[in-house]
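Commentary on secondary and tertiary structure
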Amino acid sequence: MKIAPSILSADFARLGQEAAAMQDAGADWLHLDVMDGDFVPNITFGPPVITSLRPYTSITFDAHLMIRQPHKYIEQTIAAGADIVTFHLEADSPVRETIAQIRAGGVRAGISVSPDTPASAVFDYLELVDMVLVMTVYPGFGGQKFMPEMLPKISGIRERAAQLNLKLDIQVDGGITKDTIAECAVAGANVFVAGSALFGKQDYAAAVAEMRAAAEF
């Protein structure tokens, strides 16, 4: 079980210190939400911010590209220090070519599906990627309420991966808290993105430990 705090909920005036603090708190990955204001109705940051964060921590950088044409920014994102690059199936980039582009950069490849996209849409790509990210809210903004109707999608992807004998990471993002993480784990998820449930807490280590304990039930 991996805990991946979303920097979207961090104090942007001190992002480097926040990233380092989450590594010290025992988090496994740092989730970096890159949004372009086109594919999703919000703008966050891009490769320059990832570059500026990299000297502060050696934690795995999990870059989630919520952008219209991810293939145009893969190389920049990898050069900035991303260890995992995930893009949306619904984006305007050729799927197989974009996966190959990520792999050619020497990092792990992920593909994400928004709530309205069925699990079966990613089945043809499971053998090509390291991770599938199931959005459990509509992408674009933090703080949304978890959508339990996404649980069968997680289960469907996990079952298909098992049929193919794949050790696939399944990540969930959106409304993940100590109260929703266990049902995601039961459904088959093993990587959990959480923003407001972790950043801003008095004790980051305690918050991370509480989330991990809930996931491992």
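First, a word on scope: everything that follows refers to the structure included in this document. Just so it is clear, the structure is predicted and the values come from calculations on it, not from any experiment. (Residues numbered from 1 in each chain as written. Predicted model: local features only at pLDDT ≥ 70, side-chain atom pairs only at ≥ 80, totals over all residues. Heavy atoms only, no water.)

**Points about the nonpolar core**
To be explicit about the condition: Among the buried residues, those of types Ala, Val, Leu, Ile, Met, Phe, Trp, Tyr and Cys that are joined through side-chain atoms within 4.5 Å form a nonpolar core. To sort residues, take the accessible area from a 1.4 Å probe on protein chains only and compare it with the maximum for the residue type: under 20% means buried, over 50% means exposed, and anything in between is partly exposed. A helix here means a DSSP run of H or I that spans at least four residues, while a strand means a run of E at least two residues long, and both kinds are numbered starting from the N terminus. In what follows, a contact means two residues having at least one pair of non-hydrogen atoms within 4.5 Å.
Formed by 67 residues in total, the largest nonpolar core has its most connected members in Ile7, Ile111, Val132, Ile154, Ile157, Cys184 and Phe192. A per-element tally of this core places helix α7 (residues 204-216) first, with six residues. Setting aside residues no more than four positions away along its own chain, phenylalanine 192 makes contact with Met1, Lys2, Ile3, Ala4, Val172, Ile176, Ile181, Cys184, Ala185 and Ala215. Counting six residues, the second largest nonpolar core, distinct from the first, contains Ala4, Trp29, Met131 and Val193.

**With respect to the pattern of salt bridges**
If charged atoms from side chains of opposite charge come close, those side chains can pair. Put simply, the rule is: Salt bridge, as used here, is a side-chain nitrogen of Lys or Arg placed within 4 Å of a carboxyl oxygen of Asp or Glu.
One pass over the structure, following the stated rule, counts eight salt bridges. In this structure, aspartate 169 and lysine 2 form a salt bridge, with 3.5 Å as the shortest nitrogen-oxygen distance. Of this pair, aspartate 169 sits in strand β7 (residues 169-173) while lysine 2 is found in strand β1 (residues 2-5), placing the two residues 167 residues apart along the sequence. Aspartate 169 sits in the buried class, given a relative accessible area of 15%.

**A word on the packing of aromatic side chains**
The description of an aromatic ring pair uses the distance of the two centres, along with the angle that the planes make with each other. Put simply, the rule reads: Stacked, tilted and edge-to-face are the three classes assigned to paired rings of Phe, Tyr and Trp, where Trp is represented by its six-membered ring and a pair needs centres within 6.5 Å; plane angles under 30 degrees give stacked, over 60 edge-to-face, the rest tilted.
Counted according to the given criterion, the structure contains two aromatic pairs. Ring centres 6.3 Å apart and planes at 50 degrees place the aromatic pair phenylalanine 12 and phenylalanine 45 in the tilted group. Residue phenylalanine 12 is located in the loop between β1 and α1 (15-24), and its partner phenylalanine 45 is located in the loop between β2 (29-35) and α2 (47-53); the two are separated by 33 residues in the primary sequence. Assessed through its relative accessible area of 42%, phenylalanine 12 is described here as partly exposed. Seen from their ring centres, phenylalanine 199 and tyrosine 204 are 5.8 Å apart, and the 85 degrees between their planes marks the pair as edge-to-face.

**Examining the side chain of threonine 98**
Residue placement: threonine 98 occurs in helix α4 (residues 95-104). Threonine 98 has contacts with His71, Ile74, Phe87 and Ser93, leaving out every residue within four places of it along the chain.

**What about the environment of phenylalanine 199?**
Tracing the backbone shows phenylalanine 199 in the loop between β8 (191-194) and α7. Put simply, phenylalanine 199 and valine 85 are 114 residues apart on the chain and 22 Å apart in space, counted from C-alpha to C-alpha. Phenylalanine 199 has contacts with Pro5, Ser6, Ile7, Ser9, Ala10, Glu18, Met22, Leu30 and Tyr204, leaving out every residue within four places of it along the chain.

**Brief notes about unusual backbone geometry**
The phi dihedral of asparagine 165 is positive, around 60 degrees, even though this residue is not glycine. In this fold, asparagine 165 is placed in the loop between α5 (151-163) and β7. Given the relative accessible area of 70%, asparagine 165 is considered exposed.

**A word on α7**
Filter applied, for reference: Multiplying one less than the number of residues by 1.5 Å gives the expected span of a helix. By definition, the arc is the one covered by directions from the helix axis to the C-beta atoms. The term polar contact refers here to a pair of N or O atoms within 3.5 Å; inside protein, the definition further demands a hydrogen-donor-capable atom paired with an acceptor-capable atom, and it admits residues adjacent in sequence only when both atoms are side-chain atoms.
If you check α7, its first and last C-alpha atoms are 18 Å apart, about what 13 residues at 1.5 Å a residue would give, namely 18 Å. For α7, the set of buried residues is Tyr204, Ala207, Val208, Met211, Arg212, Ala214 and Ala215. With its buried residues spanning 160 degrees around the axis, α7 presents them on a single face. Elements that come into contact with the buried residues of α7 comprise β1, α1, α6 (181-187) and β8. Where α7 begins, one side-chain oxygen reaches toward the backbone nitrogen of alanine 205, 3.1 Å away; that side chain belongs to aspartate 203. With its phi angle positive at about 25 degrees, phenylalanine 217 sits one or two positions after the end of α7.

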